[in-house]
Amino acid sequence: MIKKELTKITKDLVSFNTTSNNYPELKKCSEYIKDYFKNSNLNIKTLEKNKIISLYISTKKSYSPDILLNAHFDVVPGKNNQFKAKIIKDKLYGRGAIDDKGPLAIAMFVLKEISKLHFDKNIALLATSDEEKGGFNGMKYAISKLNLKPRFTITLDGGTLHKYVTKEKGLIHLKLTARGISCHGSRPWLGINAIEKLINVYPKIKSLFKMNKKNNWEKTINLGFISGGDAVNKVPDKGEMKLDIRYTEFDNPKKIISDIKNICAKEKIEVTILANEPLFHTHPENEKIKALLKSHKKVTKVTPILGAEHGASDARHLSEKNIPCIVTYPKGEGLHSDKEYIDLKSSETLAKVLLDFIKNN
Ligand SMILES: [Zn+2]
């Protein structure tokens, strides 16, 4: 019964081609979500910023919900046939099946069930449509615009069934620009090679990062982009390098940036901050987390694990405001690939866990 309804909602949501730049489809999809709640006597607030639509739907008229469920309805680009869901046994294939429309379907279903109970607590759903682009016009905007203060948030956008995520690394993207003096490549002593300046500075920057163990919970650096020069027989007068840095709760992002700036200043290399995003971190001893894990064990008979993820999600915007949050998912695979799917049976399981948790907390 639950699985049947979750299948229908997921299938319907997948049919909208909601890349975050496709405003007409975002609009249609948001109308579909609102329509799902039309006889439910819930409060619906629609937000829009830079053509990104967010919906805040709650059982009570307040922006301080006891529990906030969160998911996103934008997707990364997909092939045309991925916007028509294909179901094989318990697997539903399609763009956004697991990231994040299937999980959104769970949140929608759970909220509707709760709304039938005349529950005295305020339970809400925030559905946004730019998570894949950083959540700035969705989650971040909603938090400030509505002065959103949930007591606890469950973001259905990471981890897996039986795994709850309490921390994700923060991110810094830097652009290094080196200037030199160009001249003919046959007389390099007459010029200053901008690319060589970058090549020489990088090992010094990298030495700030230990990175001695694979997949470890420590800060990392990746040199992801390098460009410069326009001819082989010319000394280049400009070079650029972009660095992708991920850090943990044990690191100080300001210090990472200032250390790199100090190294670069000596070489007269300019540093531009392209992105500086907080990490997501909730204390695992949080009472609501303990209660959620208890509900999980009760419903599934499996002891869930708490864990960390290296990538970033919208949960970081909540963490930045000290809002406790946990991230989880049903089962599924192939995020952002042609083989993306969600396991519908696990959708039903997670829906039951959330219902039990909400009813008892
Ligand atoms: Zn996602």
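Below or above, wherever it landed, is the structure these notes cover. (Residues numbered from 1 in each chain as written. Predicted model: local features only at pLDDT ≥ 70, side-chain atom pairs only at ≥ 80, totals over all residues. Heavy atoms only, no water.)

### Concerning the environment of Lys11
Item 1. Summarising the element assignment, Lys11 is placed in helix α1 (residues 2-14).
Item 2. The exposure class assigned to Lys11 is partly exposed, which follows from its relative accessible area of 42%.
Item 3. Spatially, the C-alpha atoms of Lys11 and Ile192 are 59 Å apart, while their sequence positions differ by 181 residues.
Item 4. Setting aside its immediate chain neighbours within four residues, Lys11 contacts Ala85, Ile87 and Leu92. (Helix = DSSP H or I, 4+ residues; strand = E, 2+ residues; numbered from the N terminus. Buried < 20%, exposed > 50% of the residue type's maximum accessible area, 1.4 Å probe, protein only. Contact = heavy atoms within 4.5 Å.)

### Quick notes on the coordination of the zinc ion
Item 1. Those donors, His72 (NE2), Asp99 (OD), Asp157 (OD) and Asp157 (OD), are the protein atoms that reach the zinc ion, and they lie 1.9 to 2.7 Å from it.
Item 2. Motif for the zinc ion, donor spacing along one chain: H-x26-D-x57-D. In this pair, His72 is assigned in strand β3 (residues 67-72) and Asp99 in helix α3 (residues 97-115), connecting sequence segments 27 residues apart. For the pair His72 and Asp99, one class covers both residues: buried. (Donors = N, O, S within 2.8 Å, 3.2 Å for Na, K, Ca; no water.)

### Observations regarding unusual backbone geometry
Item 1. Here the residue pair Asp99 and Asp100 is connected by a cis peptide bond, since its omega of 15° sits within 30 degrees of zero.
Item 2. Relative to the assigned elements, Asp100 resides in helix α3.
Item 3. Its identity as a non-glycine residue notwithstanding, Asn41 has a phi of 55°, on the positive side.
Item 4. Checked against the element boundaries, Asn41 lands in the loop between α2 (23-36) and β1 (43-49).
Item 5. Of note in the backbone geometry, Asn50 takes a positive phi value of approximately 50° without being a glycine.
Item 6. Its location among the elements puts Asn50 in the loop between β1 and β2 (52-58).

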